Amino acid sequence: MIRLEKRPTPSRAWSLGTPLLAVLLTMIAGGLMFAALGQDPFETIRVIFWDPLFHERFASFSRPQLLVKAGPLILIAIGLSLGFRAGIWNIGAEGQYILGALCGAAFGLAFHPSESPLLFPGMLIAGLIGGWLWAMIPALLKVFANTNEILVSLLLVYVAEAMLASAATGWLRNPDGQGFPGSRNLSRNPGTDNPELFAGTGIHWGVLAAFIAVIAAYVLFQKHMLGYQIKLAGQAPRAARFSGVNPGRLVILCLGVSGALAGAAGLFEVAGPAGQITIDFNVGYGFTAIIVAFLGRLHPIGILFAGLLMALTYIGGELAQLMLQVPAPAIQAFQGMLLFFLLALDVLSNYRIKLGREGVA
Amino acid sequence: MTAPLLDLRGLTKAYPGVIANDDVSFAIQPGEVHALLGENGAGKSTLVKMIYGLVKPDSGTMALNGAPFSPPEPRIARLQGVAMVFQHFSLFEALSVAENIALGMENPPKPRDLSKRIRDVSQAYGLPLDPESLVGDLSAGERQRVEIIRCLLQDPKLLIMDEPTSVLTPQEVEILFHTLRKLSAEGTAILYISHKLEEIRALCDAATILRLGKVVGACDPKQTSAAQMAEMMVGKSLAQPGRDASEPGEVLLKATGLSLPAASAFGTPLRDISFEVRAGEVLGIGGVAGNGQDELLAVLSGERPAPAVAIEYDGSDLARLKPEQRRGIGILSAPEERLGHAAAPDMSLTENAVLTGATRKGLATNGFIGWGRARAFADEIIERFDVRTPGNHVAARALSGGNLQKFVIGREILQDPTVLVVNQPTWGVDASAAADIRQALLDLAQNGAAVIVISQDLDELLEISDRFCALNEGRLSDPRPARGLSMEEIGLMLGGAHGMEEAAI
């Protein structure tokens, strides 16, 4: 008989070790799945995890893509981790990401064709505010009307998508675009461009912002009262109130920060890698960032690595589809396995497994 | 004497790292009220769990009426005539008394028959209880009667009671004792666990004393003084908390007509509460839990905002001040619930030291926590209040209840409060640690602080309070000097609104 026994103190070794073990188990289970699909499991795993970084032909293209994809994931996930640690569940980062992109792009396009050096910072602020405002809707509703922030933030994603469609086909449509949907290309105008800062690395302003966010979040959680209060509110809400934490303020703060960061990620994306507002501008970064946040155990450094790993499976997955004709759902299942194993193994940091029978206690 | 009802021989049970019971042997006679005494962690709970079939002994034997007895689960123990009333009730608040009792029975009779049997039993044993009332509306004493009647319906030969009086008013205790004596006269044996030695002297025929898992003695409680029993339990003589008499100073904290609606459906509203407490004074607030104690602590700590001008500190209005601001001016508090309210279970003791100590101990500068200072503060608490723990990195949940209580109380006292409000300061703490905590509270008052002690333990309150008042259904009685108050007067102050009169017998 297998029993779980609660550890008196959470195990540090296991909370660091489980992500690695989860990746390993995902490779094994995923390999079995690929084998069942008639693929060579070792080759498929190699294409997903190894080739994007080290393949002689593809690496030069896919290596910069790693940071391009990881940047927004990390930036959004860091914001989400604040709320998740406090037990405040912002599931609508995708919508805040869209709103950030819309507001930032609209600000930049309003001054078209200005090349002022102040334009891009202005767009960034507009993006931050856009995401922040979109997150304030669930935040204020939760604080003042006791609604559920999970539902409200999630449903607002679909509202945001509708707004994106109307912008791409209507009020932000490129006047010189022969009626095709989509805005002017921001990355072709030096005033609104978010360029690759170091050639061949994929690093743009958003990636730098993600790194800064990691450091800031690390300091916040390790050293600052606010980070302490966020953790306290998540672990023991009554103790937090006793200590003097105002739960409503924390909701507004955490949702606000995660919304603003998601908005910034949207702005960096629309002004850089995506270039323009299109109907299908959003590709799910806001949802994937939830996985990244948990994969990184809501720890800033963990999120950094989790974002890179997640980006790698995306790029590798695309590569596997391209080179080996692995079906796209199989890649998605593979990514799902990663989250599954991580959450399943999570139990080990708080419990130890006991084999064998013992008297009922 | 006849053959024993239950005979325990050499019972041993070890858990990883600790031997809970070590070669425990004693016997319970039919119809005897047998006390089981011991400090926290002495192994009382493990022992009764073995008798009730919740835990299997590693070695040793039990015999019930001369036949071998080793219940693999509580159901079998109940079938053989062993019943148990736990300290914490397992009742559904949204169901009626009869429904709750039916849930605990193997083959519940039809609702109408059951209601009749409940009425019969409650009449026969003087336990007033209406089978149709909702458990959510009952007082703690009435809830306990539900549990007792649930046991009595099985016609037990041995009834185990774990700390039954901790939640009762003096009058309810009298009713309970009356019932237990009647049961005992009819031949039902009772194994009675309690910390309250005077009760044991009043009720029990025999006592077995456990210390660190071993039987260290037996006595006839009627012939032995409470102090002697306490010494046997602890293994050393206990210092009686005390202090020099001194005149109380000026009024530090004052509540006037404080009312507050209930926060939830099962909460208690505070109704027109007025009191004042002076520097150097200990104000004791008695009453059964659930009568507004948590709510009173929450408005005093600042967790719940109070109506304007209802609470004044040193002449200035407190109502708008947040918990941290109150701590800043010296008003500290320690709630009853240790895990999850006074302390965060998964956080280390160092982090828990920051929980209330951040402002007053200067543990944070510009919002940045000085972990070195926090660790030093945690170590100071551990050292001064004898908290048994491997170190300040240990999670709060890993500490035993008593040790965590010492940490929580110590954390507030070492911040040198001018007003300290504590709820159940010695709940679940063993005798010697409880004495230390009470002494620390008295020392605090001696040094000029105003101390408010909310407790269900009337002996404790009478021991340390200068003035005593009672909280009942959210109302506070007028404080009276504690010296010279009799238990009967206190009972009347507690209101005793719940089933004061025994049912007609």
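In this text the structure is predicted, and so the values were computed from the model without any measurement.

S.K.: So what about the environment of A:Phe111? Which residues, and what values?
M.R.: Residue and element names in this part refer to chain A. Turning to its location among the elements, phenylalanine 111 is positioned in the loop between helix 5 (93-110) and helix 6 (119-145). For phenylalanine 111, a relative accessible area of 44% puts it in the partly exposed group. Note: C-alpha distance between phenylalanine 111 and asparagine 282 (171 residues apart in sequence) is 24 Å.

S.K.: Account for the pattern of salt bridges, with residues named and values stated.
M.R.: Pairs can form between side chains of opposite charge whenever their charged atoms are close. Residue and element names in this part refer to chain B. Using the criterion set out here, one finds 24 salt bridges over all chains in the structure. Of the charged contacts, one joins glutamate 281 and arginine 467 as a salt bridge, the two residues approaching to 2.6 Å between their closest N and O atoms. Placement of the pair is glutamate 281 in the loop between strand 12 (270-278) and strand 13 (282-286) and arginine 467 in strand 21 (residues 467-472), with a sequence separation of 186 residues. Of the residues examined, glutamate 281 reaches a relative accessible area of 4% and is grouped as buried. Two residues, arginine 438 and glutamate 463, come together in a salt bridge whose shortest N-O distance is 4.0 Å. Of the two residues, arginine 438 is situated in helix 14 (residues 431-446) and glutamate 463 in helix 15 (residues 458-464); the sequence distance between them amounts to 25 residues. When salt bridges with common partners are traced through the structure, they connect Arg438, Asp457, Glu460 and Glu463 into a single cluster.

S.K.: Kindly report on helix 4 (residues 111-124) of chain B, identifying the contributing residues and their values.
M.R.: All names here are of chain B. Given a rise of 1.5 Å per residue, 14 residues ought to cover 20 Å, and the 20 Å separating the end C-alpha atoms of helix 4 matches this to within 8%. Taken residue by residue, helix 4 has Leu114, Ser115, Ile118, Val121 and Ser122 as its buried positions. Angularly, the buried residues of helix 4 cover 130° about the axis, an arc narrow enough to put them on a single face. Facing away from the buried side of helix 4 by over 90 degrees, the exposed positions are Arg112 and Lys116. Two residues or fewer past helix 4, glycine 126 is found with a positive phi of approximately 65°.

S.K.: I'd like to hear about the environment of B:Thr169, residue by residue, with values.
M.R.: Structurally, the position occupied by B:Thr169 is in the loop between strand 7 (158-162) and helix 6 (170-185). Leaving out residues up to four positions away in the same chain, B:Thr169 has contacts with B:Val288 and B:Leu494.

S.K.: Would you mind going over the pairing of strand 21 of chain B in detail, with residue names and values included?
M.R.: Residue and element names in this part refer to chain B. Burial analysis of strand 21 places six of its six residues in the buried class, the great majority of the element. Burial along strand 21 is two-sided: the face carrying Arg467, Cys469 and Leu471 and the face carrying Phe468, Ala470 and Asn472 are both buried. Two elements, strand 21 and strand 23 (residues 480-481), share two bridges in a ladder whose sense is antiparallel. By the bridge assignment for strand 23, arginine 467 is matched with proline 481. One ladder, built from two bridges, connects strand 21 with strand 22 (residues 475-476); its direction is antiparallel. Counted as the bridge partner of leucine 471 is leucine 476 from strand 22. In sequence, strand 21 turns back onto strand 22 through a hairpin of two residues, with glutamate 473 there showing a positive phi of about 50°.

S.K.: Give me the packing of helix 4 (residues 59-85) of chain A against helix 11 (residues 247-271) of chain A: which residues, what numbers.
M.R.: All names here are of chain A. At a minimum axis separation of 7 Å, helix 4 and helix 11 run at an interaxial angle of 170°. On the basis of the axis angle, helix 4 is roughly antiparallel to helix 11. Facing Val68, Pro72, Leu75, Ile76, Ile78, Gly79, Leu80, Leu82 and Gly83 of helix 4, the residues of helix 11 in contact are Cys254, Val257, Ser258, Leu261, Ala262, Ala264, Ala265, Phe268 and Glu269. For the contact of helix 4 with helix 11, the residue count by class is 14 nonpolar, three polar and one charged.

S.K.: Break down the packing of aromatic side chains for me, citing the residues and quoting the values.
M.R.: The description of an aromatic ring pair rests on the distance of the ring centres and on the angle between the ring planes. Scanning the entire structure with this criterion turns up 13 aromatic pairs over all chains. Taking the centre distance of 6.0 Å and the plane angle of 65° together, the rings of A:Phe49 and A:Phe334 count as edge-to-face. One end of the pair, A:Phe49, is in helix 2 (residues 41-49); the other, A:Phe334, is in helix 14 (residues 328-345), and 285 residues separate them in sequence. One residue, A:Arg85, lies across the ring of A:Phe221, its end atom 4.2 Å from the ring centre. Stacked on the ring of A:Phe242, the Lys or Arg B:Arg327 has its end atom at 5.0 Å from the ring centre.

Conventions used here
Residues numbered from 1 in each chain as written. Chains lettered and ligands numbered in written order. Predicted model: local features only at pLDDT ≥ 70, side-chain atom pairs only at ≥ 80, totals over all residues. Heavy atoms only, no water. Helix = DSSP H or I, 4+ residues; strand = E, 2+ residues; numbered from the N terminus. Buried < 20%, exposed > 50% of the residue type's maximum accessible area, 1.4 Å probe, protein only. Salt bridge = Lys/Arg side-chain N within 4 Å of Asp/Glu carboxyl O. Expected span 1.5 Å × (residues − 1). Arc of directions from axis to C-beta. Contact = heavy atoms within 4.5 Å. Pairing = 2+ DSSP bridges. Axes fitted to C-alpha atoms, helices over the stretch in contact; angles between N-to-C directions. Parallel < 35°, antiparallel > 145°, perpendicular 65-115°, else oblique. Nonpolar A, V, L, I, M, F, W, Y, C, P; charged D, E, K, R; others polar. Phe/Tyr/Trp six-rings, centres within 6.5 Å; stacked < 30°, edge-to-face > 60°. Lys NZ or Arg CZ within 6 Å of the ring centre and 35° of its normal.

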